[in-house]
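# Structural overview for review
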Amino acid sequence: MTVLVRPELPAGATPLSALERRALALAALGHGGSQIAGNLAQEKYRLPADGLGPIWSAAAKKLGTERSRPQGRQPELIFRARVHGVLDLPDPEGTDWLPPDVLGYVQALARGRTLKQYAWDDLHTEVWEVEEIARQARKLLGGATTQANLVYRALPQLLCTVQPPVEHAGAGLLPTVRSSPIAASLQTDLPSEEIGAVRVGRVWIRGMLPVLGWMGPALQAAEVVARLVSNGVRHGLPDHAKTHTLLLRAAVDEAGNLLVDVTDLNPSFPDFKTAVRGERGRGLRQVAELGAEVFWFLHHEGPGKTVRAVLSAWPVDL
């Protein structure tokens, strides 16, 4: 296995600005330049007159990867930002294994190498051969849309190859969602109309709890489902999406915890922490007040994200 040398920050490096961090997060999610600029403008960030270039250049200088040519810059910036705990996204769910040639290609992107540089200078082979590896990498990593997105989706594997090791999660960021092995799980699709989706979700979870064998309070579980579903309908179904349905999944792990997942079509959740604190609506704060731990994460199968609530079998005083 090839080792990635942990990149160091330059002496006297200043912190990334909120604009730079948000731009990097959008790039990691697979957005192209025009999408990133549009999202930043919609979120009321002030963009440089010259476009996104100055943002990437400033971030590159602060993260220690200045280069004269912009090619290969974004994937390396994503990797360096995660290593230093300033990528404002949770680690994605990892695949169990990547073939050595695929891992080597993604490692090259994380080092700032372009596909052609990796083919000609590192492997001394034809470009088309590396293009085949790139296609396999995109397939194995859930159809990654850009090289920056490919590096982001491969972070669980990349971080295992870094020396000195990288901490599991950067300071103040969400850890990768982990739980005991799943003992049983069920799922259903929900409509996009909020009242109907909440009603269907409540009825469905009440009927599935006995099937799953969860012995905790059904009322508490139904209220958690209702709030997650409402949140998903309001914030997780973009107008441009081809389909407008949510996926509700309930599972019980071997420790007896109930895992409630609501999967939507919006891969972004920039204000997750403030939402859980109740500073952007009350839904996720109420989920936490019901005794659930709340996480969110991206997944490799298709677009969007999953918001997860974990409830123990022990009741919480409401």
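Since this is a predicted model, take the numbers as computed values, not measurements.

Another point: the nonpolar core. The biggest cluster of nonpolar side chains holds 92 residues, and the ones touching the most others in it are Tyr105, Leu158 and Leu258. With eight residues, the top contributor of residues to this core is helix H11 (residues 218-235). Not counting the four nearest positions on each side in its chain, Leu258 is found in contact with Leu209, Leu212, Trp214, Ala221, Ala250, Ala251, Val252, Ala309, Val310 and Leu311.

All right, on to the environment of Ala148 then. Note that Ala148 resides in helix H8 (residues 147-153). Between the alpha carbons of Ala148 and Ala110 there is a distance of 8.7 Å; along the sequence they are 38 residues apart. If we skip the residues at most four places from it in the chain, Ala148 touches Ala27, Ala28, Gln74, Pro75 and Ile78.

In this section: the packing of helix H10 (residues 194-212) against H11. Close contact between H10 and H11 brings their axes to 8 Å; oriented N to C, the two are set at 150°. Crossing hand, H10 versus H11: right-handed. Between H10, through Glu194, Ala197, Val198, Gly201, Arg202, Ile205, Arg206 and Leu209, and H11, the contact on the second element is made entirely by Ala218, Leu219, Ala221, Ala222, Glu223, Val225, Ala226, Val229, Ser230, Val233 and Arg234. Partitioned by chemical class, the residues of the contact of H10 with H11 number 12 nonpolar, two polar and five charged.

Checked against the element boundaries, Lys273 lands in helix H12 (residues 272-276). As a C-alpha pair, Lys273 and Arg285 span 12 residues in sequence and 9.7 Å in three-dimensional space.

What follows concerns unusual backbone geometry. In this structure, Pro164 follows Gln163 across a cis peptide bond, with omega equal to -10°. When you line up the elements, Pro164 lands in the loop between strand E2 (162-163) and strand E3 (182-190). Residue Lys44 is not a glycine yet carries a positive backbone phi of 70°. Relative to the helices and strands, Lys44 resides in the loop between helix H2 (33-42) and helix H3 (53-63). Residue class for Lys44 comes out exposed when judged on its relative accessible area of 73%. For His124, which is not glycine, the phi dihedral falls at a positive 55°. With respect to the helices, strands and loops of the structure, His124 is situated in the loop between helix H6 (115-123) and helix H7 (127-140).

Definitions and cut-offs
- Positions within a chain are numbered from 1, following the residues in the order the chain's sequence is written.
- Local features in a predicted model are, by the rule used here, given only for residues with pLDDT of at least 70; side-chain atom pairs are given and counted only at 80 or more, and totals for whole chains, interfaces and linings are based on all residues.
- In computing side-chain properties, one takes all heavy atoms of the structure into account and sets aside hydrogens as well as water.
- In these notes, a set of buried Ala, Val, Leu, Ile, Met, Phe, Trp, Tyr and Cys residues joined through side-chain atoms within 4.5 Å is what counts as a nonpolar core.
- Buried, partly exposed and exposed residues are distinguished by accessible area as a fraction of the type maximum, computed with a 1.4 Å probe on protein chains only: under 20%, between the cut-offs, and over 50%, respectively.
- Elements are defined by DSSP. Helices are runs of H or I of four residues or more, strands are runs of E of two residues or more, and each kind is numbered from the N terminus.
- Should any heavy atoms of two residues lie within 4.5 Å, those residues are considered in contact.
- Axis definition: a line fitted to C-alpha atoms, limited for helices to the stretch in contact. Angles are taken between N-to-C directions and run from 0 to 180 degrees.
- Left-handed describes a crossing in which the near helix is turned anticlockwise from the far one by less than a right angle; the clockwise case is right-handed.
- Throughout this entry, Asp, Glu, Lys and Arg are counted as charged residues, while Ala, Val, Leu, Ile, Met, Phe, Trp, Tyr, Cys and Pro are counted as nonpolar. The remaining residues, Gly among them, count as polar.

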